[in-house]
Amino acid sequence: METPADLRYSKEHEWVKLEGDVAIIGITDFAQKQLTDIVFVELPDKGRGVESGKQIGVIESVKSVSDIFCPVTGEIVEVNEALQDNPDTINKDPYGEGWIVKVKLADKTEVDGLMSTEDYDRFVSESK
Amino acid sequence: MGELRKTPLNDSHVRLGAKMVEFSGWSMPVYYSSVIDEHLGVRKKCGLFDVSHMGEFFVEGSGAFRLIQKVITNDLGSLSDGKAFYSSMCNERGGVVDDLFVYRFDANKFMLVVNAANVEKDFNWILNHKDFFEDATIIDKTDEMAKLDLQGPRSEEVLQGLTDLRLGDLRRFCFFEGRVNGIPMIVSRTGYTGEDGFELYFDSSKAVEMWYKLLSVGEEFGIRPVGLGARDTLRIEAGYSLYGHELSEQINPFEAGIGFAVKLDKDDFIGKEALSRAKEDLKRKIVAFEMTDRGIAREGYPVFVGGREIGYVSSGTMSPTFRKGVGMALIDVGEASLENEIHIKIREKLYKGKIVKRPIYAFNDKND
């Protein structure tokens, strides 16, 4: 399992990458492997306000429907529309082309409350 | 809930990296690598399924015919030695107790293959309909028998390498008894995928040996192990009913679209009266649909026509073959015409779809 060092992680298996005051959000390699075969992604509207812990979308594999939770608070400034046509990009490149939304943060320090790479790896191995 | 039951291949599935799930009280593989890859593998080449959780009953004796004929809706009189057919088994109200395959060895020996979830119910149902004086024994061999399904266009080539049985002579819905890989078994040309293939029934102590043998001789033909995930998507495309979805005690066979397995002209059988009425008074029907909007309709989602709720999705998935949402739905018969536009409510939003021919995927008979 791959867990990049420069990212932060949530207990719902989302990753967050900070670029200025914008958080890029996706799901982790562990999460995409659990889901396998992602075949549908329902994305939120751009410009919408979001709160940490709230549902912002849905991700479906052949067999399952899962919520995507927003790990931070702010405003959605971009969504990855390309996932509509190629949802399996999340399987192929979860930390790159498979990003899901970009959120302009209300408070940049919120990200510090998320898990580090080591913490997330430990969290995953304990939850297995 | 107690300990899950395990087929003899449980360890083998885990060793192959399968994701295991609970199914009807059994621990079963849902996929090994990917539902989509396994699904397409069966369509194009060949896949191997462990379905040893399914139930097998042997009914024997001079009264066996009469007993089975009484509990099933199809006509046992039309089945000859070495052949199998599909039937439903109904209650007095015409509701489906189970759907099953009946194998006829000879006039006094039959095998019934039933759904894992219904083994106990079916066994008791049949036993309770046996007259005390009737010369028929019914033996549940579910635990002693392994069942492997080999499905896909390359199946015959894979299996022929392990047996002297002339598989080219085995026609669909027929079966042989003989040795494969030296192991005595029942080999039937049947399946649940919409592809050519075989179902193998044999002693469960040989399951592991047979499993690995098939995977190794099948390698050059592109064989792969396939889990219940792809079994479901394959059967949905192929239009086959699954008990608890398209069939139940609340759904009769005509509604389910398996009226071909109900022979109202045969002598008295359980549910005959109710079924005669049900046939004349059909109010709802299982149809196949596909989504025209992007979206996946799942089991239980409501179906609408012109703002009116007309039924619900009985099975739904993304079709790996057609790469769109497909499924089956139980809807008002008045709305069940082909190409009729429907809407399905997915998470509070309506998505467009249409009724299509069932099956969505026509049986791929390589011998045609």
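This section reports on the structure supplied with the text.

**Points about the overall build of chain B**
The helix and strand tally for chain B stands at nine helices and 20 strands. For 368 residues, the compact-globule estimate of 2.2 N^0.38 gives 21 Å, and chain B sits close to it at 20 Å. Dimensions along the principal axes, computed over C-alpha positions, put chain B at roughly 60 × 50 × 50 Å. Buried residues in chain B amount to 59% of all 368 residues.

**Re helix H7 (residues 228-237) of chain B**
Because each turn of an α-helix spans 3.6 residues, side chains separated by three or four positions in sequence point in the same direction. All names here are of chain B. Among the ten residues that make up H7, ten are buried, leaving the element largely enclosed by the rest of the structure. Listing the buried residues of H7 in full gives Leu-228, Gly-229, Ala-230, Arg-231, Asp-232, Thr-233, Leu-234, Arg-235, Ile-236 and Glu-237. Positive backbone phi, approximately 80°, marks Gly-239, located one or two places after H7.

**Some words on the interface of chain B and chain A**
The partner chain A presents 16 residues to the 18 residues of chain B that form the contact. Of the roughly 1,400 Å² buried at the junction of chain B and chain A (both faces included), carbon and sulfur atoms supply 49%. Among the residues of chain B in contact with chain A, Arg-294, Arg-298 and Arg-347 of chain B are the three that bury the most area, contributing 41% of the side total. Counting every contact that joins chain B to chain A gives five salt bridges. Taking the shortest distance from any N to any O, the salt bridge between Arg-347 of chain B and Glu-60 of chain A comes out at 3.0 Å. Sorting the residues of the side of chain B that touches chain A by element identifies helix H2 (35-44), H7 and strand E17 (308-319) of chain B as the ones contributing at least two each. When residues in the side of chain B that touches chain A are grouped by element, the largest group, three residues, is from H7 of chain B. Residue classes in the side of chain B that touches chain A are distributed as seven nonpolar, six polar and five charged.

**Observations concerning a nonpolar patch on the surface**
Residue and element names in this part refer to chain B. A contiguous nonpolar surface patch, about 210 Å² in accessible area, is contributed by Leu-16, Val-208 and Tyr-212. Topologically, Tyr-212 is positioned in helix H6 (residues 207-217). With a relative accessible area of 31%, Tyr-212 lands in the partly exposed category.

**Quick look at the layout of surface pockets**
Put simply, the second largest pocket is a space of about 490 Å³. As for the second largest pocket, its lining consists of 27 residues, of which Val-39, Asp-85 and Pro-87 of chain A together with Met-318 and Arg-323 of chain B are closest to the centre. Contributions of two or more residues to the lining of the second largest pocket are made by strand E4 (38-42) and helix H2 (82-85) of chain A together with H2 and strand E18 (324-332) of chain B. Top contributing element to the lining of the second largest pocket by residue count: E4 of chain A, with four residues. Split into classes, the residues belonging to the lining of the second largest pocket amount to twelve nonpolar, seven polar and eight charged.

**With respect to the environment of Glu-195 of chain B**
Residue and element names in this part refer to chain B. Here Glu-195 lies in the loop between strand E12 (183-188) and strand E13 (197-203). Taking C-alpha positions, Glu-195 is 22 Å from Glu-177, a pair spaced 18 residues apart along the chain. Once residues lying within four places of it in the same chain are set aside, the contact partners of Glu-195 are Val-42, Arg-43, Gln-151, Gly-152, Pro-153, Arg-172, Tyr-361, Phe-363 and Asn-364. A distance of 2.9 Å separates a polar atom in the side chain of Glu-195 from a polar atom in the side chain of Arg-43.

**Focus on the nonpolar core**
Within the largest apolar cluster, 61 residues are counted, with the highest numbers of intra-cluster contacts made by Tyr-103 and Ile-344 of chain B. Listed in part, the 29 residues of the second largest apolar core include Ala-146, Leu-200, Leu-214 and Phe-221 of chain B.

**A short note on the sheet that holds strand E1 (residues 8-9) of chain A**
All names here are of chain A. The six strands lie next to each other as E1-E2-E3-E9-E8-E5, forming an open sheet whose pairing is antiparallel. Both outer strands of the open sheet, E1 and strand E5 (49-50), are each paired with one neighbouring strand and no more. When strand E3 (residues 22-27) meets strand E9 (residues 101-105), the two strands line up antiparallel, connected through four bridges. Looking at the pairing, Ile-25 lines up with Val-101 of E9.

Rules used throughout
Here the residue numbering is sequential within each chain, running from 1 through the sequence in written order. Each chain takes a letter, starting from A, and each ligand takes a number, starting from 1, following the order in which they are written. Selection of residues for local features in this predicted model requires a pLDDT of at least 70, selection of side-chain atom pairs for listing and counting requires 80 or more, and totals for whole chains, interfaces and linings are taken over all residues. Heavy atoms from the whole structure form the basis of all side-chain values; hydrogens and water molecules are not counted. Counting from the N terminus, the helices are DSSP H or I runs at least four residues long and the strands are E runs at least two residues long. The globule rule is 2.2 Å times the number of residues to the power 0.38, and the radius of gyration it is compared with is taken over C-alpha atoms. Only protein chains enter the area calculation, which uses a 1.4 Å probe; residues under 20% of their type maximum are buried, those over 50% are exposed, and those in between are partly exposed. In this analysis, two residues are considered to be in contact whenever any of their non-hydrogen atoms come within 4.5 Å of each other. Buried area is calculated as the accessible area (1.4 Å probe) missing from two parts once they are joined, with the contributions of both summed. We define a salt bridge as a contact between a side-chain nitrogen of Lys or Arg and a carboxyl oxygen of Asp or Glu at a distance within 4 Å. Note on residue categories: nonpolar means Ala, Val, Leu, Ile, Met, Phe, Trp, Tyr, Cys or Pro, charged means Asp, Glu, Lys or Arg, and polar means any other residue, Gly included. Candidate patch residues must exceed 30% relative accessible area and have no salt bridge, after which like charges are joined if within 9 Å and Val, Leu, Ile, Met, Phe, Trp or Tyr side chains if within 5 Å. In these tables, accessible area is a Shrake-Rupley quantity obtained with a 1.4 Å probe, and a residue counts as shielded only by the protein chains included in the view. As defined here, a cavity is a set of points on a 1 Å grid over the protein atoms alone where a 1.4 Å probe fits but cannot get out. A pocket is an open set with protein on both sides within 12 Å along at least five of seven lines, and residues line them when an atom is within 4 Å of a point. Grid points are joined across faces, edges and corners, and a volume is the space filled by probe spheres set on the points. Here a polar contact is recorded for every N or O atom pair within 3.5 Å, except that within protein the pair must consist of a potential hydrogen donor and a potential acceptor, and residues adjacent in sequence are included only if both atoms are side-chain atoms. Among buried residues, the Ala, Val, Leu, Ile, Met, Phe, Trp, Tyr and Cys ones that are joined through side-chain atoms within 4.5 Å form a nonpolar core. For two strands to count as paired, DSSP must find a minimum of two bridges between them.

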